[in-house]
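What follows is the residue order along each chain.
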Amino acid sequence: MQIIDGKLISETIRMELKTAAGIAKGRYGKDIGLAVILVGENQASKVYVKNKISACQQLGIVSRFYQLSEMISQVELISLIDKLNVDDAISGILVQLPLPKHILEASVIDRISPDKDVDGFTLVQAGRLLKGEQSLLPCTPKGIIELLDRYNIEISGANVVILGRSNIVGKPLFHLFLQRNATVTICHTKTRNISDITLTADILVSAVGRAHFVNARMVKDGAVVIDVGINHENGKLIGDVEFDTVKEKCAYITPVPGGVGPMTIAMLMSNTIEAYRRRHENECNLNS
Ligand code: GUN
């Protein structure tokens, strides 16, 4: 059994991206800017946002942080996004989710200019992914595929089972695996006999957000197990997978922490540089 070291891989990727960011800035002579918007005081969100901002610093990307009150209205939030959409110094806009209940998430997300949608959450980017066109991909699914590729794990032809159908992980990941010629099944709260399905998985991804959800009896010998869960138990961070028992059965497994999490941030940086490059390439083409 091999532990998939997402922390190590993400550090390698961040070094590569630092070089890529330097080259891109040299070519276009402008800073790369990422706007990060956090509404309210959700403690987990604060940690994620802090990590995203420090990744920007490491790569020489300029981050602009907006910490907004829980009480902000949807209209005010949308008017900030409108400003950032036309701000030439900003290549990427990230609105940390979840938003407070009085704000309709979809209205806010879809106000982001698709070209600056570094989370890949807008209808336009989601539609491009669905149709297999070039798009800014949601960071966690993109990070999972990148991890598998870096460990030379074959995706084509594999039976992939995804637990969880969220817009952020399950659904986009389904399309990414399908594009790579896997046979993909999504399980959710209404799925019957989940174990019968998970036992067919060459690659099993759990993104349900429930500690101890995946146990050894659900995993085929020699499977690859990717744990996207982030759960708190007795002050400890744990995934969805019972690591100690499952690791005895599988060929590869991602730990929590140190598996998928760091990859999400690396992919956000990758998307930000990509959005910057595309925008400035387009400008050059228009001016030539
Ligand atoms: N909340 C949980 N995951 C994410 C993510 O990848 N991006 C944003 N913006 N919010 C999240």
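Residues numbered from 1 in each chain as written. Predicted model: local features only at pLDDT ≥ 70, side-chain atom pairs only at ≥ 80, totals over all residues. Heavy atoms only, no water.

Enquirer: What is the right way to read unusual backbone geometry from this model?
Expert: In most cases, non-glycine residues show a negative phi, while peptide bonds are predominantly trans. Of the consecutive residues L97 and P98, the connecting peptide bond is found in the cis state with omega at 5°. Among the structural elements, P98 can be located in the loop between β4 (92-95) and α4 (105-109). In this chain, V256 is followed by P257 through a cis amide linkage whose omega measures -5°. With respect to the secondary-structure elements, P257 resides in the loop between β11 (252-253) and α10 (260-287). Located in the positive-phi region is N181, a residue other than glycine, with phi close to 65°. Along the chain, N181 falls in the loop between α7 (170-179) and β6 (183-187). (Helix = DSSP H or I, 4+ residues; strand = E, 2+ residues; numbered from the N terminus.)

Enquirer: Teacher, can you tell me more about the packing of helix α2 (residues 43-59) against α10 here?
Expert: If you want to describe how two helices pack, look at the angle between their axes and the distance between the axes. Contact pair α2 / α10: the axes reach a minimum separation of 10 Å and the direction vectors enclose 55°. Overall, the two elements α2 and α10 adopt an arrangement that is oblique. When the axes of α2 and α10 are compared, the crossing they make is right-handed. For the pair formed by α2 and α10, the contact residues are N51, K52, A55, C56 and L59 on the first element and I265, L268, M269 and I273 on the second. For the contact of α2 with α10, the residue count by class is 7 nonpolar, 1 polar and 1 charged. (Axes fitted to C-alpha atoms, helices over the stretch in contact; angles between N-to-C directions. Parallel < 35°, antiparallel > 145°, perpendicular 65-115°, else oblique. Left-handed = near helix turned anticlockwise from the far one by under 90°. Contact = heavy atoms within 4.5 Å. Nonpolar A, V, L, I, M, F, W, Y, C, P; charged D, E, K, R; others polar.)

Enquirer: Would you explain the site of the ligand in this entry?
Expert: Around the ligand, the neighbouring residues are K52, L94, V95, Q96, L97, D119 and F121. Within the backbone of V95, an N or O atom sits 2.9 Å from a nitrogen atom of the ligand. With respect to the ligand, the backbone of L97 contributes an N or O atom lying 3.0 Å from a nitrogen atom. Here the shell around the ligand is built from residues that sort into 4 nonpolar, 1 polar and 2 charged. (Near = heavy atom within 4 Å. Polar contact = N/O pair within 3.5 Å; in protein donor to acceptor, adjacent residues only side chain to side chain.)

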